Amino acid sequence: MKLATYQDGSRDGQLVVVSRDLETAHYATGIAHRLQQALDDWNFIAPQLQDLYETLNGGKARHAFPFDPAQCLAPLPRAYQWCDGSAYLNHVELVRAARGTEVPESYFKEPLMYQGGSDDLQGARAPIRGLDPAWGIDFEAEVAVVTADVPLGATPEQGLDAVRLVMLANDVSLRELIPDELAKGFGFFQGKPATAFSPVAVTPDELGEAWQDGRVHLTLQTTWNGRKVGLCDAGPDMRFSFGDLIAHAAKTRRLSAGTIVGSGTVSNPGVEKDGGRREWPKGYSCIAEKRAMEQLQDGAAKTGYLQPGDTVRIEMKGRDGQSVFGAIEQVVA
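Residues numbered from 1 in each chain as written. Predicted model: local features only at pLDDT ≥ 70, side-chain atom pairs only at ≥ 80, totals over all residues. Heavy atoms only, no water.

### Things to note about the packing of aromatic side chains
Moving on, step 1. What the rule picks out here adds up to 8 aromatic pairs.
Moving on, step 2. Both rings, one in Tyr6 and one in Phe65, keep their centres 5.6 Å apart while their planes meet at 55 degrees; by these two values the pair is tilted. On the criterion of sequence distance, the pair formed by Tyr6 in strand E1 (residues 2-6) and Phe65 in strand E4 (residues 65-66) is long-range, its members being 59 residues apart.
Moving on, step 3. For Tyr6, a relative accessible area of 6% gives the class buried.
Moving on, step 4. Taking the centre distance of 5.5 Å and the plane angle of 80 degrees together, the rings of Trp82 and Phe197 count as edge-to-face. You can see Trp82 sitting in strand E5 (residues 81-86) and its partner Phe197 sitting in strand E11 (residues 196-197), a full 115 residues away along the chain.
Moving on, step 5. Among the residues examined, Trp82 registers a relative accessible area of 1% and is labelled buried.
Moving on, step 6. Members of the aromatic cluster, joined through ring pairs, are Tyr6, Tyr27, Phe65 and Phe67.
Moving on, step 7. When the ring centre of Phe188 is taken as reference, the NZ or CZ atom of Lys192 above it lies at 5.4 Å. (Phe/Tyr/Trp six-rings, centres within 6.5 Å; stacked < 30°, edge-to-face > 60°. Helix = DSSP H or I, 4+ residues; strand = E, 2+ residues; numbered from the N terminus. Buried < 20%, exposed > 50% of the residue type's maximum accessible area, 1.4 Å probe, protein only. Lys NZ or Arg CZ within 6 Å of the ring centre and 35° of its normal.)

### Notes on the pairing of E5
Moving on, step 1. Within E5, 6 of the 6 residues are buried, which leaves the element mostly enclosed by the surrounding structure.
Moving on, step 2. Burial of E5 is two-sided: the residues Gln81, Cys83 and Gly85 facing one way and the residues Trp82, Asp84 and Ser86 facing the other way are all buried.
Moving on, step 3. One ladder, built from 4 bridges, connects E5 with strand E17 (residues 259-262); its direction is parallel. Counted as the bridge partner of Gln81 is Thr259 from E17. (Pairing = 2+ DSSP bridges.)

This is the structure in structure tokens:
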């Protein structure tokens, strides 16, 4: 099924069930007012939401209305935890290669992960606000999952079983602030402002065969100022599955239902062309990668970061060509 959260003037919004084609929706009033309620009592509430979803898709829901992504908050406007991994090693290798450094051996054995701000998650149409362009504003197109309760010391198999919903994310980064923060040895904070999420979160079964081994085997499309810059395959190059990422997060703590875990920037390796020049035909999911490509190809990065008025669109389509999650569409305000 597909779920979203509509604005209603409250912090947490109102849960709605959305049709498979993203054309219509229905309030889940009487079942659960908020998505967190459903996650807290999933085994009891999810079947009721599923029944409403099937009725909606069958065109028999009595109070259905046209679905409007512009009315959506993030599926979880605030979450108990937002943990973002870096599961695509090509992203790490590319950025480090541009700096002339190698990837440490430990990166191949366990994922990188940071804990982001989870108290103010943004809707898909929310502007990217209040940021100085000199801070190096960058988009990062990602896949994310929402979990059930996860026990301390969970295995990857247990982590994968805990996945309740899948969605997209734009994990905005401030590239010029991050180096000084990392140099202090204490991780990101100011370099990671509010993250935006797709209008709709879907249960893994909605992905069909595209959901395999804890990975989404579909193309993530990223458009910058109307120009498509990324057509990255989110599946085979994800070294660590969502089961691995969840188990990593749960190594020393329990995870509460409603924890969000991100994949990190979706990234595919380059290929060698005639003459030995390396190119990246699938493009990029963040500007930092584009700048790294330029550094490796021509010795200098030339593409600038986001500026006021720039637009970013992130979307994933199913094998039927239809949008799965709706699109993240943001403007730098």
